[in-house]
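Coordinates in review
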Amino acid sequence: MTIIDIDHTSRWFGNVVAVNDVTMRIGPGVTGLLGPNGAGKSTLINMMGGFLAPSTGSVTLDGTPIWRNEQVYKQVGVVPEREAMYDFLTGREFVVANAELHGLDDAAAQRALATVEMEYAQDRKISTYSKGMRQRVKMASALVHEPSVLLLDEPFNGMDPRQRMQLMELLRRMGDEGRTVLFSSHILEEVEQLASHIEVVVAGRHAASGDFRKIRRLMTDRPHRYLIRSSDDRALAAALIADPSTAGIEVDLKEGALRIQAVDFGRFTELLPRVARASGIRLLTVSPSDESLESVFSYLVTA
């Protein structure tokens, strides 16, 4: 089991603090790293990949410092966001060069190209590649030595829907195999679909960690919103509004439903079925309307 530990780590560039006293642990499975632009995601990934030294604190792989430790590259693969590549090389030459750096042969490069489905374009120069193709050949070069840790900075940029689905399935499979996979993405839907665990950074600070639904339920200062359809919406609204767990109810005629704000999550979840049963009301739909990752992320950023 391979684990990256970030312990009270900061990184600054002159007077700019990019990462401020962050502590987090990245273990096996797929972890999504979230944050608005400029939050410090790329800086964190660069420190985990050994490209940047922490200004204070430590970044370790299984207890061993990553900075200036070339041995970690036997276990780590990195897919950076930046586009700078050797455009005069073909895709195959680029991946073979990375294989040779690891003491591997052409067969390893071919396996990596096949994994990302880039065999059809492997003999074309990288200068002719689309952005999505560049992302995939960078992925192949990171996978050539079959690393136990994979760090990806905005890996879905420029990919079409089919390529995106293929990459998501590949990352999901790697996580299921017990590898440690961390990726950043500004597309919240992808993170929600793919990551079993999230880490959120805002303005260089660690804002939250865990499953996004659990994080949402810990936000006790924010009302929980539900969309509820029943056999008698008005009677249900009248019964619920009297309880202090319910802060507000709106009858949405267009949706044919109630929009409810609950300020006490535990009490409300017990109250709703009890009230419905006592009043002879059948619940047709009970759907949280703010437990999406986008809602949680929005709450964290504006907190």
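Residues numbered from 1 in each chain as written. Predicted model: local features only at pLDDT ≥ 70, side-chain atom pairs only at ≥ 80, totals over all residues. Heavy atoms only, no water.

**Focus: the pattern of salt bridges**
Inspection of the entire model under this criterion finds nine salt bridges. The shortest N-O distance in the salt bridge between Arg134 and Asp87 comes to 3.1 Å. Taken together, the residues span a long stretch of sequence, with Arg134 in helix α4 (residues 131-143) and Asp87 in the loop between β6 (76-79) and α2 (91-101) at a distance of 47 residues. Looking at Arg134, the relative accessible area reads 11%, which means it is buried. You can call Asp87 partly exposed: its relative accessible area is 29%. Salt-bridge contacts for Arg267 lead to Asp243; the nearest nitrogen and oxygen are separated by 2.8 Å. Taken as a pair, Arg267 in helix α9 (residues 265-279) and Asp243 in the loop between α8 (233-241) and β12 (246-252) lie far apart in primary sequence, 24 residues in all. Note on Asp243: relative accessible area 11%, which makes it buried. (Salt bridge = Lys/Arg side-chain N within 4 Å of Asp/Glu carboxyl O. Helix = DSSP H or I, 4+ residues; strand = E, 2+ residues; numbered from the N terminus. Buried < 20%, exposed > 50% of the residue type's maximum accessible area, 1.4 Å probe, protein only.)

**Focus: the sheet that holds β12**
Taken together, the four strands give an open sheet; going across it, the order is β12-β13-β11-β14, and neighbouring strands pair in antiparallel fashion. The open sheet terminates on both sides in strands that have one partner only, identified here as β12 and β14 (283-288). When the angles between neighbouring strand axes are averaged without regard to direction, this sheet yields 20°. With five bridges joining them, strand β11 (residues 224-230) and strand β13 (residues 257-262) adopt antiparallel strand pairing. Bridge pairing in β13 links Ile228 to Leu258. Packing against the sheet, α8 makes contact with β11, β12, β13 and β14, and its axis sits at approximately 165° to β12. The strands that α9 touches are β11, β12, β13 and β14; relative to β11, the one it contacts most, it runs at about 10°. (Pairing = 2+ DSSP bridges. Axes fitted to C-alpha atoms, helices over the stretch in contact; angles between N-to-C directions. Contact = heavy atoms within 4.5 Å.)

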